[in-house]
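Fold and geometry: a report
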Amino acid sequence: MLEFVGSILRRCFKVFWTLIRSLAVLLIVVVIVAGIATTVVVLRAGDDEFVAPKLPLVVNDVTHLNAVRVGKVVAPKTVEDIQQAIRESEGRVSIGGGRYSQGGQTAYPDSLHIDMRSFNKVLALDVDTKQVTVQPGISWRQLQTEIDPQNLSIKIMQTYANFTVGGSLSVNVHGRYIGEGPLVGSVLGLKLVLADGSLVSASPTENADIFYGAIGGYGGLGVIVEATLQLEDNVAVERKVRAMPVEEYSTYFRDAIRDNKDVVFHNADIYPPGFSELRDVSWYASDKPVTETDRLMPADQDYRVEVALEKFVAGSDFGKWSRQHLIDPLLYYPEKVVWRNYEASYDVAELEPEDRSEYTYGLREYFVPVERFDEFVPKMREIFQRNKANILNVSIRHAKADTNTLLSWAPTEVFAFVVYYRQGTDAEAKQAVSVWSSEMIDAAIAVGGAYYLPYQLQASTEQFKAAYPRAKDYFGLKWRLDPNNRFVNMLWSKYYPFNTDLMAATRKDIGEYYRPVEQTLLTIPEWYLVFQPKEYADYLANGGDPSSFPFLASIDEYWALYDRVVAMSAENYPANSEYRTMLRVIGISTSLEYVVKGAYEASLGRLSRWLADGEDTPEDVIILQAHRAYSELIFDEPWYEFDFAGWRDRIWSEAPLWGEHAFRKWERKLFFSAEFGVKSLYAKLIKYAAQSTYGETDKRIYLTAQRVQSNSIRLPKEPEGSEIVATGGDDYIMSVPRWGGFTEIMPKFLNTEWTISDISGNHQIAVSLLVNKDADMSTLNAQELFRSRLVSDESHERVVLMVAVTGLAKLIADVQGHGIALEHIYDY
């Protein structure tokens, strides 16, 4: 008997073990199939053909690190256009040209931005006196095209010809010219439009204070609208190259280069990472026939090889060694004789990478008295090597003294150290560059030198004052010419004393005050995962069949939104790799969930629905309630705070085990329990990981507001739900709820005596509306970015807009007035 029972038990165990193994194999197959299906779906989803719309009110620079949203852009073609724009506007004015500065020197938030690039005519050319008068929006290359047929050449300019004359004047550039100093040395006269719209002439003999203030004045005094320049003859020049230790350079330069009248161009490149060897590249006036027949570099050259080599050099110390010992020796080996204009017509395209979202390239420049060269170089070498700065090149230039301009960077004869480097675009990389840059500024100041102002604004006010001791004279002149401080950019917002931000330190102390502006775009696909559960709950509430819900279309829409916001972000802002990675992770996990859920609902779910004659069971009702509760919670709380386990239990406790349509009842119970059971465990895991990594989530966001002037003497009460954190001058820092609460509280500012100037330090924000399909949104004071479909409702769609923070209240009022549904305001 015992043997018989044992035999039965062994057989039962064998059957049970076979069943477990079969289920395990089935589970593995399901996981593999689901993974393959998800991969196929994700690869086919998205919007690869999306062309990112231009953001015409966003003024950025070549580094893509300093996007500034201005209030209005005008592109004048006459002096009268400029005068009219200034006279008919109030508030701040910023001025931009080629946008090659690298710290916001051409823009200011919500300002009237004067884009000078269409103001680009040659007004007069006197070949006999070698003088030319131009509108300052003209680029050096455009000017070269005009003067080269007359065999004339620009006297002083940068190495690259893309820059505008006006921008070059505003920063008082220098070049590689021996025997010359800053650009001011070739300027005969200027005309400027001042803050009151008046036109003044300035030269070394007329309004000299304005002349020497405007050149190198970074647009703080007025708009330069005309410049007369001294030109030179265009001559043939021959290249001669010599390598040497850095320690030999200063003596070599003094003896062989400085006073040599035949040298036209000269620079010496110090090779990283050792910074102990350099190569002198000089161009001498020559009677030899040219080896290059073109008089200017072709404007449409293909620079893919140069860009690839730049990336190779930046990628490793081996790349830098290869440049010094292989690439440059080959590059400089052939004899080369070219026209002066040819050598002065380089195109920055040879430096432009395919993408600046992950990495970008920048410049810094430090000026050192020539007699302190040997003292400065070891300091520079130690700073770069200790900080592991990714320096591609340090080019030494020479400049004669400029004792006249108020913001002179060369009060004595100097060597300019032009530092070309690569950096990441994230906050950590920016901070790393700030550290070594600050140390370099201190090192230059310590030897009686200075640093250059067109680059990232990381110098302290004390460093600025030490490097530019005559800044007080410049500020005095600005106070006289621009008493209302209309001409402002990010440079002068930091260093001009009357732009002191009383709340700057407070904002910095609030760790969560500043948020990256690109996140107003990058949060859009993340919020789709909030909107989609609501859409699903609405679909069920309207009697929709779960088996027919378009889960695959939802996946496609998520990745379409992802592709669009990444394209727009890459066009205007740093990559924010961490946020993009998060979007990919949640996108893949959601895609997997929807593939599995869609396949199940389309098969077994559809069968059970058919057997139930399309009728809802009590379980269907509870499932609808659960999805509704989930969709409501995630507007204001992290998704992992939802009580998945509680709702899983409710489907067993609140719905009877038996009743009509038993198959549907049990199918719904089991599927819902499995779905919410897995989500309950996953939510606990994600919550633990999030809190371990980031701590408790800050559910508040910060903004700066001002009291609207009124006849009331009482202090206006802040909108319900907001809190005043700090005050200073006219500014009030407030905290408001994040996420869904943010969208709810913003309309409340409409009916109060407050106006908002920035949110999280940003001046533009994305908004989405729910509208009838193909509805006309052109009357709204915002830029339409794109439209997004509602997968379960073809009669409506989502419209995503970009609006100025200062214009947000008006947009909300207009939306409410037209009866349009405000879906969300994307709070970074």
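Here the structure is shown first, and the text comes after it.
First things first, this report covers the structure right here in the doc. (Residues numbered from 1 in each chain as written. Predicted model: local features only at pLDDT ≥ 70, side-chain atom pairs only at ≥ 80, totals over all residues. Heavy atoms only, no water.)

Side note on the overall build of the protein chain
Counting secondary structure elements, the protein chain contains 23 helices and 27 strands. Its C-alpha atoms give the protein chain principal-axis dimensions of about 115 × 80 × 45 Å. For the protein chain, buried positions account for 54% of its 828 residues. Residue pairs in contact within the protein chain that sit at least 24 positions apart in sequence constitute 75% of those at least 6 positions apart. (Helix = DSSP H or I, 4+ residues; strand = E, 2+ residues; numbered from the N terminus. Buried < 20%, exposed > 50% of the residue type's maximum accessible area, 1.4 Å probe, protein only. Contact = heavy atoms within 4.5 Å.)

Notes on the pairing of strand 26 (residues 796-804)
Summarising burial for strand 26: eight of the nine residues are buried, a large majority. In this sheet, strand 26 lies alongside strand 24 (residues 764-772) in antiparallel orientation, the contact comprising nine bridges. Among the inter-strand pairings, V767 is bridged to a residue of strand 26, identified as L801. Bridge analysis of strand 25 (residues 783-789) against strand 26 gives six bridges, and the strand direction is antiparallel. Bridged to Q783 within strand 26 is M802. If you look at the hairpin formed by strand 25 and strand 26, you'll find six residues sitting between the two strands. (Pairing = 2+ DSSP bridges.)

A short note on the packing of aromatic side chains
Considering all chains together, one arrives at 60 aromatic pairs under this definition. Between the aromatic rings of W639 and Y682, the centroid separation amounts to 5.7 Å while the plane-to-plane angle is 35°, which identifies the pairing as tilted. One end of the pair, W639, is in the loop between helix 19 (618-633) and helix 20 (644-653); the other, Y682, is in helix 21 (residues 662-694), with 43 residues separating them in the sequence. The partly exposed category is assigned to W639, whose relative accessible area is 27%. (Phe/Tyr/Trp six-rings, centres within 6.5 Å; stacked < 30°, edge-to-face > 60°.)

Looking at unusual backbone geometry
Backbone torsion omega between P272 and P273 reads 5°, so that peptide bond is classified as cis. Turning to its location among the elements, P273 is positioned in the loop between strand 13 (263-270) and strand 14 (277-285). One non-glycine residue, N172, adopts positive backbone phi at about 55°. Unusually for a residue other than glycine, D613 sits at a positive phi of about 60°. Mapping D613 onto the fold places it in the loop between helix 18 (577-611) and helix 19. D613 gets classed as exposed once you look at its relative accessible area, which sits at 60%.

Things to note about the pattern of salt bridges
All told, the structure shown has 49 salt bridges when counted by the stated rule. Taking the shortest distance from any N to any O, the salt bridge between D473 and R470 comes out at 3.7 Å. Here R515 and E512 are joined by a salt bridge, their closest N and O atoms 3.5 Å apart. (Salt bridge = Lys/Arg side-chain N within 4 Å of Asp/Glu carboxyl O.)

What to know about the nonpolar core
Counting 112 residues, the largest nonpolar core has F417 and W436 as its most contacted members. Excluding its chain neighbours within four sequence positions, the residues that come into contact with W436 are R364, Y366, I383, F384, N387, A389, I391, V419 and Y421. Counting residues in each nonpolar core, the second largest holds 57 residues, with L522, L540, Y558 and F642 among its members. (Core = buried A, V, L, I, M, F, W, Y, C linked by side-chain atoms within 4.5 Å.)

Focus on the sheet that holds strand 5 (residues 112-115)
If you trace the three strands from one edge of the open sheet to the other, you get 3-5-4, paired in parallel fashion. With one partner strand each, in any of the chains shown, strand 3 (72-74) and strand 4 (93-96) form the two edges of the open sheet. Within the sheet, the average angular offset between the axes of one strand and its neighbour, ignoring direction, is 25°. Here strand 3 runs beside strand 5; their pairing, made up of three bridges, is parallel. The residue of strand 5 that forms the bridge with K72 is L112. (Axes fitted to C-alpha atoms, helices over the stretch in contact; angles between N-to-C directions.)

Focus on the packing of helix 10 (residues 373-386) against helix 11 (residues 427-446)
Remark: helix 10 packs on helix 11, axes separated minimally by 10 Å, with the N-to-C direction vectors making an angle of 170°. In this view, helix 10 runs roughly antiparallel relative to helix 11, as classed from their interaxial angle. In contact with F376, K379, M380, I383, F384 and R386 of helix 10, helix 11 contributes W436, E439, M440, A443 and A444. Here the residues of the contact of helix 10 with helix 11 are counted per class, giving eight nonpolar, no polar and three charged. (Parallel < 35°, antiparallel > 145°, perpendicular 65-115°, else oblique. Nonpolar A, V, L, I, M, F, W, Y, C, P; charged D, E, K, R; others polar.)

Notes on the sheet that holds strand 20 (residues 700-707)
Spatially, the four strands line up as an open sheet ordered 21-22-20-23, and their pairing is antiparallel. The strands lining the two open edges of the sheet, one partner per strand, are strand 21 (723-728) and strand 23 (754-759). Neighbouring strand axes in the sheet, compared pairwise and without regard to direction, differ in orientation by 35° on average. The sheet contact formed by strand 21 and strand 22 (residues 731-737) spans five bridges and is antiparallel. If you follow T727 over to strand 22, its bridge partner there is Y732.

A word on helix 13 (residues 471-481)
Taken as a whole, helix 13 has its buried residues at A471, Y474, F475, L477, K478 and L481. In a view along the axis of helix 13, the buried residues occupy a sector of 160°, so they form one face of it. Those residues of helix 13 that are exposed and angled more than 90 degrees off the buried face are K472 and R480. (Arc of directions from axis to C-beta.)

Concerning helix 16 (residues 519-541)
With 23 residues, helix 16 ought to run about 33 Å at 1.5 Å a step, and its terminal C-alpha atoms sit 33 Å apart, in line with that. At P525, helix 16 shows its strongest bend, of approximately 40°. Counted residue by residue, helix 16 has 19 buried out of 23 residues, so it is predominantly covered. Of the residues one or two after helix 16, G543 is the one with positive phi, at around 85°. (Expected span 1.5 Å × (residues − 1). Bend = angle between axes of the 7 residues up to and from the residue.)

Description of the environment of K311
Topologically, K311 is positioned in helix 7 (residues 304-315). According to the relative accessible area criterion, K311 is exposed, its value standing at 58%. Between the alpha carbons of K311 and A236 there is a distance of 32 Å; along the sequence they are 75 residues apart. Setting aside its immediate chain neighbours within four residues, K311 contacts Y361 and R422.

Observations concerning a negative patch on the surface
Taken together, the side chains of E354, D355, E358, D426, E428 and E578 present a region of like negative charge at the surface. Residue classification places E358 among the partly exposed residues on the basis of a relative accessible area of 37%. (Patch = residues over 30% accessible without salt bridge, like charges linked within 9 Å, V, L, I, M, F, W, Y side chains within 5 Å. Areas by Shrake-Rupley, 256 points an atom, 1.4 Å probe, with all protein chains shown as cover. Lys, Arg positive; Asp, Glu negative; His and termini not counted. Charge placed at Lys NZ, Arg CZ, Asp CG, Glu CD.)

Side note on a nonpolar patch on the surface
Taken together, V305, L309, F312, F318, W321 and L326 make up a surface patch of nonpolar side chains, about 590 Å² in accessible area. Of all elements in the fold, only helix 7 and helix 8 (317-331) reach the threshold of two or more residues within the nonpolar patch. Within the secondary structure, L309 is located in helix 7.

A closer look at the side chain of D347
Relative to the elements of secondary structure, D347 occurs in the loop between helix 9 (340-343) and strand 16 (359-369). Of the side chains with opposite charge, R141 lies nearest to the buried D347, which makes no salt bridge, at 6.5 Å. Polar side-chain contacts of D347 include one of 2.9 Å to the backbone nitrogen of A349. Excluding its chain neighbours within four sequence positions, the residues that come into contact with D347 are Y160, N162, A299 and Y303. (Polar contact = N/O pair within 3.5 Å; in protein donor to acceptor, adjacent residues only side chain to side chain.)

What is shown is where atoms sit, not what they do.
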